[in-house]
Amino acid sequence: MRWAFPIVVVTLLASLLGVMYLDYVVDPEQNLHDFPIALVNQDVGDDLKNGDQVQHVNFGDQVSEGLQKAVPSDKIDLRVLGINEAQLQMQSAQVYGTIIIPSDFSKRLGILGVGSVVPGDITKPVLTLQTNPRTGAFATAVVQKFGEQALTQVNTQVGQQLTDTVKKQLAPPPGAPPTELSAATRLVLAQPLNIVVDQFRPLPGGSGEGLTAFFYSLLLLLIGMVGAMIIHQLIDSALGFLPTEWGPWYVHYPRASISRLKTLLIKWSAVTVMACAVSGAYLLIAKILGMPLDKPLLLFLYGAFVIIAVGFTCTAVLAAVGTSGLIINIIVFIILGLPSSGGTIPIEATPKYFGWLAKFEPMHQVFLGTRSILYFNGNGQAGLTRGLWMAVLGLAIGVVLGLFITRFYDRKGLERKPVNTDAGTGKHAKPADA
């Protein structure tokens, strides 16, 4: 039955992979929750004549209250903010979009009501929907769809209210014939708002519509994990703990007399050199391909540090549990990491357990830090601070685990020696040198 074990393991891994990846992407709209959008109401109101009376109105307040009631709170986190705070949150990727009601909203709406029946040039009041393209293409699409649905509904409601107001103002005295609105006037009043979709700090060319940060993060994490496993394999082969095969040639060097701790330190040294070389290579490739790099030194240092943190942890896991550490690394860094990264689909548009995973999964932290450097000028609040501290935590976990487990094995005399099994008895024989 030994041949069946790898099949079972791979099937279980594949099933976990299928659940995570398909559940991640199959229905983002249904999974939408706590999606942050800012609402800015700058309207100062206006005084409108109603017969012989003057009434102060603020249509911006009405629109704001209507939006807060109409927006499903379980899906959209509508934050009522001032313009400065909204822009700060846009710059730090804390909101995905902003609805702006301008200061002259009531005034222009009043002028539109009067101007619709009086000759002269008029312009529709503007509602602005600002997207935040630096948070990703899918987040931008969600904001635009939300704006299309919510603001269209607002436009219709305001139009109905404005039409009723104009009809009251045109009501004839008793006995006089009624004043009818023309078809053109009714059409203007029915949809009185000019809804403008605008980009807040558009991405420069070469940014892949906001995907370069995700793929750059993926490269850092993959080389940290895969590079560590390659270094682990090759160094073990050079030290005689594993055979070396090159095509039809097979070499098994004599086993070196070296402790587990020293072996791990050699691997960590190789990971550190590899991290600096690869981070520099990625930076050069990005430059050649035309990626915008506002902070190349910061990106190089962050990339090297991430690779070191991931590489140290992966080699520590391999040192602790051996070959099965490969499965653990794949689960932690790939199967659970990629869907919870938020790099392609925002965490707020995935099942809620992905949000829980994103609190500690390495890929999400790496993505936040890389996106901050590439798109948000290295803003700490945009994710760089979290990315750095989580990388420090990951490195600390890897170092502590590696040092503790290898020293423990060395003190117990658990040397890396092969164990022969007596044929037919299943009993372990005396350890033999390789």
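Just so it is clear, the model here is predicted, and its values are computed rather than measured. Each chain carries its own residue numbering, running from 1 in the direction its sequence is written. Whole-chain, interface and lining totals are the exception, using all residues; otherwise, since this is a predicted model, local features are given only for residues with pLDDT of at least 70 and side-chain atom pairs are given and counted only at 80 or more. Each side-chain value is derived from all of the structure's non-hydrogen atoms; neither hydrogens nor water enter the calculation.

## Side note on the overall build of the protein chain
In this text, helices come from DSSP runs of H or I with a minimum length of four residues, and strands from runs of E with a minimum of two, each type numbered from the N-terminal end. In terms of regular secondary structure, the protein chain is built from 13 helices and nine strands. Three exposure classes are used, based on accessible area relative to the maximum for each residue type with a 1.4 Å probe and protein chains only: buried under 20%, partly exposed in between, and exposed over 50%. Among the 434 residues that make up the protein chain, the fraction classed as buried is 44%. For this analysis, residues touch if any pair of their heavy atoms sits within 4.5 Å. A separation threshold of at least 6 residues defines the contact pool for the protein chain, and within that pool the share at least 24 residues apart is 74%.

## Some words on the pairing of strand β1 (residues 35–41)
Within β1, six of the seven residues are buried, leaving the element largely enclosed by the surrounding structure. Strand direction decides the pairing type here: β1 and strand β4 (residues 76–80), joined by five bridges, are parallel. Pairing of P36 across the sheet is with D77, part of β4. Sheet topology places β1 next to strand β5 (residues 97–101); four bridges connect them, and they run parallel. The partner of V40 across the bridge, within β5, is I100. The criterion for strand pairing is that DSSP finds at least two bridges linking the strands in question.

## Some points on the UniProt feature "transmembrane region" (unreviewed entry) in the protein chain
UniProt positions are given in the numbering used here, feature names are shortened, and annotations may be inferred rather than shown by experiment. This chain's UniProt record puts "transmembrane region" (unreviewed entry) on residues 213–231, 264–285, 297–319, 326–347 and 388–409. Helix makes up 100% of residues 264–285 and strand 0%, with an end-to-end C-alpha separation of 31 Å.

## Things to note about the packing of helix α9 (residues 296–321) against helix α13 (residues 384–411)
Axis separation between α9 and α13 bottoms out at 8 Å; the angle between their running directions is 30°. The angle between α9 and α13 places the two elements in the roughly parallel class. The two elements α9 and α13 meet at a crossing, and its hand is left-handed. Charged means Asp, Glu, Lys or Arg here, nonpolar means Ala, Val, Leu, Ile, Met, Phe, Trp, Tyr, Cys or Pro, and polar covers whatever is left, Gly included. When grouped by side-chain class, the residues that make up the contact of α9 with α13 number 19 nonpolar, six polar and no charged. Here the axes come from fitting lines to C-alpha atoms, over the contacting stretch only for helices, and the angles between their N-to-C directions go from 0 to 180 degrees. By the definition adopted for this analysis, an angle is roughly parallel if under 35 degrees, roughly antiparallel if over 145, roughly perpendicular if from 65 to 115, and oblique otherwise. With the far helix as reference, a near helix turned anticlockwise by less than a right angle produces a left-handed crossing, and one turned clockwise produces a right-handed crossing.

## Overview of the packing of aromatic side chains
Stacked, edge-to-face and tilted are the three classes for Phe, Tyr and Trp ring pairs, Trp counted by its six-membered ring, which pair at centre distances within 6.5 Å; planes under 30 degrees apart are stacked, over 60 edge-to-face, the rest tilted. Throughout the structure, instances matching the rule amount to nine aromatic pairs. Taken together, a centroid distance of 4.5 Å and an interplanar angle of 25° make the contact between Y353 and F354 stacked. The class for Y353 is partly exposed, based on a relative accessible area of 33%. Among the aromatic residues, those joined into a ring-pair cluster are Y24, Y353 and F354.

## Here's the deal with a nonpolar patch on the surface
On the surface, a nonpolar cluster with roughly 310 Å² of combined accessible area is contributed by L222, V226, I230 and L234. Following the sequence through the fold, V226 ends up in helix α7 (residues 212–238). Among the residues examined, V226 registers a relative accessible area of 33% and is labelled partly exposed. In this scheme, patches are assembled from residues that exceed 30% relative accessible area and form no salt bridge. Like charges are connected within 9 Å, while nonpolar side chains (Val, Leu, Ile, Met, Phe, Trp, Tyr) are connected within 5 Å. Surface accessibility follows the Shrake-Rupley procedure with a 1.4 Å probe radius. Residue values consider only the protein chains on display as shielding. For this document, the term salt bridge refers to a Lys or Arg side-chain nitrogen within 4 Å of an Asp or Glu carboxyl oxygen.

## Some words on the packing of helix α12 (residues 362–375) against α13
Where α12 meets α13, the axes come as close as 7 Å, and the angle between the chain directions of the two elements is 140°. Taken together, the axes of α12 and α13 are oblique relative to one another. For the element pair α12 and α13, the recorded crossing hand is left-handed. Residues Q365, L368, G369, S372 and I373 of α12 form the contact with α13, whose own contacting residues are L384, R386, G387 and M390. Of the residues assigned to the contact of α12 with α13, the class counts are four nonpolar, four polar and one charged.

## Describing the nonpolar core
Core analysis: the largest hydrophobic core is formed by 51 residues, its most contacted members being Y216, L220, M225, L293, L299, F333 and L374. Elements with a contribution of two residues or more to this core: α7, α8 (260–288), α9, α10 (325–335), α12 and α13. Aside from chain neighbours lying at most four places away, what touches L293 is L283, A286, K287, L299 and L374. With 40 residues, the next largest nonpolar core counts F59, V142, L336 and L357 among its residues. To qualify as a nonpolar core, a set must consist of buried Ala, Val, Leu, Ile, Met, Phe, Trp, Tyr and Cys residues joined through side-chain atoms within 4.5 Å.

## Points about the environment of Q199
Looking at the secondary structure, you find Q199 in strand β7 (residues 194–199). With a relative accessible area of 43%, Q199 lands in the partly exposed category. Along the chain, Q199 and T98 lie 101 residues apart, while their C-alpha atoms are 9.9 Å from each other. Once residues within four sequence positions are removed from consideration, Q199 is found in contact with T131 and P133.

## Here's the deal with the environment of F408
Counting through the fold element by element, F408 comes out in helix α13. Here the alpha-carbon distance between F408 and L261, two residues 147 residues apart in the chain, equals 9.3 Å.

## Some words on the side chain of Q365
In this structure, Q365 sits in helix α12. According to the relative accessible area criterion, Q365 is buried, its value standing at 3%. Every residue in contact with Q365, bar those within four places of it in the chain, is listed here: Y302, A358, K359, F360, R386, G387 and M390.

## A few points about the side chain of E348
One can find E348 in the loop between α10 and α11 (352–358). In this charge count, Lys and Arg are treated as positive and Asp and Glu as negative; neither His nor the chain ends contribute. Among buried Asp, Glu, Lys and Arg side chains, E348 stands out as unpaired, with R79 the closest opposite charge at 6.8 Å. Once residues lying within four places of it in the same chain are set aside, the contact partners of E348 are N31, L32, H33, D34, F35, P36 and Y96.

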